Amino acid sequence: MVPTTDKYNPHELEPKWQKYWDEIGLLEAKEGPGGTKKAYILVMFPYPSGDLHMGHLKNYTMGDALARFRTQQGYHVLHPFGWDAFGLPAENAALKFGVSPADWTFGNIQQSKESLGLMGIRYDWSREVTTCTPEYYRWNQWIFLKMYERGLVYRKKSLVNWDPVEQSVLANEQVIDGRGWRSGALVEKRELEQWYLKITDYAERLLTDLEKLPRWPEKVKAMQRAWIGKSQGAEFDFQVKGHEAKIRVFSTRPDTIFGATFMVLAPEHELVAQITTPQQKEAVEAYVSAAKMKSEVERQREDREKTGVFTGAYALNPANGKEIPVWIADYVLSGYGTGAIMAVPGQDERDWEFAEKFGLEIIRTVQPPEGWQGKAYTEDGPAINSDFLDGLYMEEAKKKVIAWMEEKGIGEGKVNYRLRDWLISRQRYWGTPIPMIHCERCGIVPVPYEQLPVELPTLRDVDDIRPKGKSPLAAHPEFYECECPKCGGKARRDTDTMDTFFDSSWYFLRYTDAQNPNQPFDPAKANFWMPVDQYIGGIEHAILHLLYSRFFTKFLHDLGLVEAEEPFEGLFTQGMVMGWTNVGQVELREGRIHFLDDARRSKLELPQGLTVEEAEKGGAELRQEGGQTYFWKPAVMSKSLGNGVMVGPFVKEQGADIARVTILFAAPPENEMVWTEEGVQGSWRFLNRVFRRVSEDRAELERVSEGLEPAALSGADRALYQKLHRTLKKVGEDIENLRFNTAVAALMELLNALYDYRKERAVSPVYRTAIRYYLQMLAPFAPHLAEELWHWLDQGRSVFQARWPEVDTAALVADSFELVVQVSGKVRGKATVPAEASEEEVKRIAREIENVKAWLEGKQVVKEIYVPGKLLNIVVKG
RNA sequence: GCCGGGGUGGCGGAAUGGUAGACGCUACGGACUUAAAAUCCGUUGGGGGAAACCUCGUGUGGGUUCGAGUCCCAUCCCCGGCACCA
């Protein structure tokens, strides 16, 4: 055996090939003529947070592997990267460290870029997008103005979500369980005049087009459907007795109108003050102001018991002319439907509860099934107590009653959505200025296109940036003082900035033509690349970013700028990376674990007093160190826990390819993975074994040529050739489906086969072919090592420039197979059988197996099932 | 409560209705070494057996089928999302 003189040394290999890829322009994206095979591989762009850890890199590694694979297949590949660079983290850092948001941001970008480079993750940096640059955000302003032209931007005064920590308003999507999505602070209600985007105009398209996305996770689509919340019903009026006013309600069950025994208005409903009787005035006003004080969270408490107050007013049920009392209650929401309901306790659980508590009348209008013990009956059944609807089932009754309403002019069929318009004003500094001007004479005037961009002034003083409850820009006359474009008089710029989700709603389009100074992007270029073939990112954007981006794409499509109506053809939500985390020192008291330090314990929501058993069930370990006991547990890698494996040090000590394989092999990519020392060891062993295999054979590999006649192969050569092509097929399919873990497993298997082969055989043409293909298949995962070894075999060009080999389908058909012989469905023997063996022969061979013979002894064969190439099942009785 | 996804060795996880546990990790045994590391070889779901082999086994209970981790019905549990939206 040739002595191993070379050693696998990632530190030497990796920088060398990284430089080489940059020199040959490996991932420079080039448009081609129509019909060119293209692959737009996109990872969600991040906030530039500086140093990166393995948790940040998982999706980038996946994207890089896929992009490299598509390159090998000869696709035109677009694999870009950029920075979601506006937003609060930059401002917070500025406040904390006294650096300007811009300096902080660009410093972080530089650091992050280095980490990406170290991992061998390659992007077309000529298309880099940084949202906080005027070259980018001027097109935010441009799109905003286009939306304004089309009536999709409006200003409205209403109760909005105010995040007291961020000192800014938030959109509905950004309030989760009554708290700001980023700050976690309880959101307050404030009445403010703000800018909105009319996403609701697109509600129906956003809903129905989900069906065009088979390569999206069902989970994400379900979440979007629920968020859009379409419901069909009717909207109709109830006359208030003794008033001009009518109360309009929305109901999905207009068929139950004969059971409407009272009405409920949201406390904020505009008619409340008008219809409340003097006797009830005091109680109603008290209730309304109490409701205003209540936070969203209080209103949504688990044990929410129904509360409400009678207004003293009555309305007339249009179906039967009955007088019914009008109440107010906070279980009716002002923002949905009309903010008022007809209450039908017989068919609605919430109304039943309310009626029961306040002693209101209950009439059933749907016949519950016999023996019905429950309260409200919400299922289908024949209508009762409903005059002309009696006997009809729900669907029929709805149709009939809606037709009746329309005929009488009371109301009509109506579709309602839960989706609300998108509030995009933010009272913060580090964002895109809203390109609007307020003029005392002309009102609101858009900034003319030729004056774009409205540049964000550079503020360096921390006090200028600090949030004060209104936009910091409002303190800078040099920014807001301007001329009215219409009348030329003195006017004032809008001083709010845009929600940063505006920035990220179309960045993927900018990548297709990132440096265009004249328009957001050239439609021809966008049409070549769009839609994104594979988008990879975190599930946390299931609604927010992914819904907004779909909206923007549809809008830009409507403007005629892009053909695609959906931005992301395939979506993949990757699982998180966890790291073993020292939660802190603990003491055991009576078998229970008590933490001596609370900081990390509370962050991880671990209770005090766990039993050891419970802790272990939760994946934790107690470790002894210097006589002390520490509580360790895998937790999502994060800066604040300090449990992230940092890219720089890791690559320096171990190597980028090892990190990449560790990430991709540890678990299916959609699952969370725990980064472990053992996993890293396994990757090292694997890559080292690859290196050794090629290294030991290097001299022979250089001598042997590959002239190969597949049909003439026999024995071990033939077996290796077939294994090679089966692996080639599997690895290709697995990468396409992002099943990297099984692709790597297949490569490990093939490597084992190569070792087995070399135990008995010399380097041969088949073997050399196998090694060459092997390196091509390894390249997406461990590109540096693959490139190095590839150059040993083929000096000419990069492994990524060589075409991905074709699968020889003839080689997928084995020439013999292992026949599984079952007797009555249980495996009793196996035999190697030539592929071309006839059924007769197979049956004969099966019966010669000793163990099968024994099981057939004295039994009567009832039936035989033969699955060619696989299995024979002999069914016996007796 | 509703919606989505799961439940397979000590662990991560493989399995177009056809050999359950690929591949890897861990652990154990052995080789090499002065020694250790690394590396290599072997074993590693439970039970029985000297072995051949038998038997049990994919949350639980039923069913369909020659054959079920995979399909159907019921049920329990876990994770994620939504939750007074009329």
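Calculation notes
Within each chain, residue numbers correspond to sequence positions counted from 1 in written order. Chains carry letters from A onward and ligands carry numbers from 1 onward, assigned in written order. Thresholds applied to this predicted model are a pLDDT of at least 70 for local features of residues and 80 or more for the giving and counting of side-chain atom pairs; totals over whole chains, interfaces and linings are not thresholded and use all residues. Hydrogens and waters are ignored; side-chain quantities use all the structure's heavy atoms. UniProt positions are given in the numbering used here, feature names are shortened, and annotations may be inferred rather than shown by experiment. By nonpolar core is meant a set of buried Ala, Val, Leu, Ile, Met, Phe, Trp, Tyr and Cys residues that side-chain atoms within 4.5 Å join together. Here the term buried applies to any residue with accessible area under 20% of the maximum for its type, exposed to any over 50%, and partly exposed to those in between, with areas from a 1.4 Å probe on protein chains only. The way it works is that DSSP assigns letters per residue, a run of H or I at least four long becomes a helix, a run of E at least two long becomes a strand, and they are numbered from the N terminus. Should any heavy atoms of two residues lie within 4.5 Å, those residues are counted as being in contact. Here a residue is near a molecule or strand as soon as one of its heavy atoms is found within 4 Å of it. Polar contacts, as counted here, are pairs of nitrogen or oxygen atoms within 3.5 Å of one another; within protein the pair requires one atom able to donate a hydrogen and one able to accept it, and residues that are adjacent in sequence qualify only if both atoms are side-chain atoms. For this classification, the nonpolar set comprises Ala, Val, Leu, Ile, Met, Phe, Trp, Tyr, Cys and Pro, the charged set comprises Asp, Glu, Lys and Arg, and every other residue, Gly included, is treated as polar. Here, axes are lines fitted to C-alpha atoms. For helices the fit covers the stretch in contact, and angles between N-to-C directions go from 0 to 180 degrees. To sort the angles, those under 35 degrees are grouped as roughly parallel, those over 145 as roughly antiparallel, those from 65 to 115 as roughly perpendicular, and the leftovers as oblique. Domain segmentation is taken from an automatic or database assignment of domains. What makes two strands pair is DSSP finding at least two bridges between them. Computed over the protein atoms alone on a 1 Å grid, cavities are sets of points where a 1.4 Å probe fits but cannot get out and pockets are open sets with protein on both sides within 12 Å along at least five of seven lines; a residue lines them when it has an atom within 4 Å of a point. Grid points are joined across faces, edges and corners, and a volume is the space filled by probe spheres set on the points. Only Phe, Tyr and Trp rings are paired, with Trp represented by its six-membered ring, and only when their centres lie within 6.5 Å; those with planes under 30 degrees apart are stacked, over 60 edge-to-face, the remainder tilted. The criterion is that NZ of a Lys, or CZ of an Arg, lies within 6 Å of the ring centre and within 35 degrees of the ring normal, and then a charge sits over that ring.

An unreviewed UniProt entry lists chain A under the name Leucine--tRNA ligase, from Meiothermus granaticius NBRC 107808. Its UniProt record, at the heading Subcellular location (unreviewed entry), says of chain A: "Cytoplasm". If you open the UniProt record of chain A and go to Sequence similarities (unreviewed entry), you find "Belongs to the class-I aminoacyl-tRNA synthetase family."

Let us look at the nonpolar core. Grouped together as the largest cluster of nonpolar side chains are 182 residues, with contacts concentrated most on Phe 144 and Phe 686. Ranked by residues supplied to this core, first place goes to helix 26 (residues 740-760) with 12 residues. Excluding its chain neighbours within four sequence positions, the residues that come into contact with Phe 686 are Val 661, Val 744, Leu 747, Met 748, Leu 751, Tyr 774 and Leu 778. In terms of nonpolar packing, the next biggest core, distinct from the first, is built from 49 residues, Val 240, Leu 271, Val 272 and Phe 310 among them.

As a structural note, the neighbourhood of RNA strand B is formed by 53 residues, with Thr 252, Lys 306, Arg 350, Lys 870 and Asn 873 the closest of them. Take the atoms of RNA strand B that sit within 4 Å of the protein: sugar and phosphate atoms are 60% of them. Asn 671 is positioned with one of its side-chain polar atoms (N or O) 2.8 Å from a phosphate oxygen of RNA strand B. Here Lys 830 contributes a side-chain N or O atom positioned 2.5 Å from a base oxygen of RNA strand B. The biggest single contributor to the surface near RNA strand B is helix 26, with 6 residues. Classifying every residue of the surface near RNA strand B by side-chain character gives 20 nonpolar, 12 polar and 21 charged.

What follows is about the packing of helix 7 (residues 218-228) against helix 18 (residues 544-558). How two helices sit against one another is set out by the angle between their axes and by the gap between those axes. Running from N to C, helix 7 and helix 18 point in directions that differ by 75°, and their axes come no closer than 11 Å. By the criterion of interaxial angle, the relationship of helix 7 to helix 18 is roughly perpendicular. Contact residues: helix 7 offers Val 220, Gln 224, Trp 227 and Ile 228, while helix 18 offers Leu 546, Leu 547 and Arg 550.

Another point: unusual backbone geometry. The omega torsion across Leu 452 and Pro 453 is -5°, close enough to zero to call that bond cis. Here the amide bond leading from Met 530 into Pro 531 is cis, since omega sits at -5°, within 30 degrees of zero. Within the element layout of this structure, Pro 531 appears in the loop between helix 17 (523-529) and strand 24 (534-537). Positive phi outside glycine occurs at Gln 167, with the angle close to 55°. Assignment of secondary structure puts Gln 167 in the loop between strand 5 (153-163) and strand 6 (168-170). With a phi angle near 55°, Glu 605 is a residue other than glycine that sits in the positive phi range. Secondary-structure assignment places Glu 605 in the loop between helix 19 (599-603) and strand 28 (610-611). For Glu 605, a relative accessible area of 68% puts it in the exposed group.

Another point: the UniProt feature "short sequence motif: 'HIGH' region" (unreviewed entry) in chain A. The sites that UniProt annotates as "short sequence motif: 'HIGH' region" (unreviewed entry) are residues 46-56. Secondary structure within residues 46-56 divides into 27% helix and 0% strand; the distance between the first and last C-alpha atoms comes to 9 Å.

Each assigned domain of chain A is listed with its residue range as follows: domain 1 (38-45 + 53-129 + 501-573), domain 2 (140-225 + 421-499), domain 3 (230-416), domain 4 (577-636), domain 5 (668-812) and domain 6 (816-877). Distance between the C-alpha centres of domain 2 and domain 6: 73 Å.

Under the present numbering, the feature "domain: Methionyl/Leucyl tRNA synthetase" (unreviewed entry) in UniProt falls on residues 40-175. Segment residues 40-175 splits into 46% helix and 19% strand. End C-alpha atoms: 32 Å apart.

Attention now goes to the environment of Gly 443. Mapped onto the elements of the fold, Gly 443 is located in strand 20 (residues 443-446). A relative accessible area of 30% means that Gly 443 is categorised as partly exposed. Note: C-alpha distance between Gly 443 and Tyr 866 (423 residues apart in sequence) is 83 Å. Once residues within four sequence positions are removed from consideration, Gly 443 is found in contact with Ile 437 and His 438.

Turning our attention to the pairing of strand 27 (residues 592-595). One ladder, built from 4 bridges, connects strand 26 (residues 577-589) with strand 27; its direction is antiparallel. The residue bridging Leu 588 from the neighbouring strand is Ile 593, located in strand 27. Following strand 26, the chain reverses through 2 residues before pairing antiparallel with strand 27; Glu 590 in that reversal takes a positive phi of roughly 50°. Note: strand 27 against strand 28, 2 bridges, orientation antiparallel.

Before going further, it helps to examine the sheet that holds strand 25 (residues 571-573). Pairing within the open sheet is parallel, and its 4 strands lie in the order 2-1-24-25. The sheet is open, and its two borders are formed by strand 2 (76-78) and strand 25, each paired with just one other strand. Within this sheet the neighbouring strands show an average axis-to-axis angle of 15°, counted without direction. By the bridge criterion, 3 bridges tie strand 1 (residues 38-43) to strand 2 in an arrangement that is parallel.

For Asn 108, the location among the structural elements is in helix 4 (residues 101-118). Relative accessible area serves as the criterion here: at 9%, Asn 108 is assigned to the buried category. Asn 108 sits 18 residues away from Ala 90 along the chain, and the two C-alpha atoms are 9.8 Å apart. Once residues within four sequence positions are removed from consideration, Asn 108 is found in contact with Pro 48, Ser 49 and Gly 50.

Glancing now at empty space enclosed by the protein. Considering all chains together, one arrives at 4 cavities of 30 Å³ or more under this definition. The computed volume of the largest cavity comes to approximately 150 Å³. For the largest cavity, the lining is made up of 18 residues, of which Leu 88, Arg 182, Arg 426, Asp 499 and Thr 500 are closest to its centre. If you list the elements that add at least two residues to the lining of the largest cavity, you get helix 3 (88-97), strand 6, strand 23 (497-498) and helix 15 (500-503). Among the residues making up the lining of the largest cavity, the classes are represented as 6 nonpolar, 6 polar and 6 charged. Each of domain 1 (38-45 + 53-129 + 501-573) and domain 2 (140-225 + 421-499) gives at least three residues to the lining of the largest cavity. Looking at the second largest cavity, its volume works out to about 50 Å³. Around the second largest cavity, the lining comprises 13 residues; the ones closest to its centre are Asp 255, Val 366, Gly 381, Ala 383 and Leu 392. Counted by class, the lining of the second largest cavity contains 7 nonpolar, 2 polar and 4 charged residues.

Turning next to the sheet that holds strand 22 (residues 490-493). Taken in spatial order, the 4 strands line up as 20-19-22-21 in an open sheet, and their pairing is antiparallel. Every other strand in the sheet has two partners, leaving strand 20 and strand 21 (481-483) as the edge strands with one partner each. When the angles between neighbouring strand axes are averaged without regard to direction, this sheet yields 40°. Sheet analysis places strand 21 next to strand 22, joined by 3 bridges and oriented antiparallel. Across the sheet, Glu 483 pairs through a bridge with Lys 490, a residue of strand 22.

Moving on to the packing of aromatic side chains. All chains considered together, the criterion is met by 51 aromatic pairs. Judged by centre distance (5.1 Å) and plane angle (80°), the rings of Phe 86 and Trp 430 are edge-to-face. Placement of Phe 86 in the loop between strand 3 (82-83) and helix 3 and of Trp 430 in the loop between strand 18 (425-426) and strand 19 (436-439) is noted, with a sequence separation of 344 residues between them. Of the two residues examined, Phe 86 and Trp 430, each falls in the buried class. When the ring of Tyr 507 is compared with that of Tyr 511, the centres are 5.4 Å apart and the planes differ by 75°; the resulting orientation is edge-to-face. We note that Tyr 507, like Tyr 511, is buried. Ring pairing ties together the aromatic residues Phe 144, Trp 181, Trp 195, Tyr 202, Trp 422, Phe 501, Phe 502, Tyr 548, Phe 551 and Phe 552, which thus form one cluster. A cation over a ring is seen here: Arg 623 above Trp 632, with NZ or CZ 4.3 Å from the ring centre.

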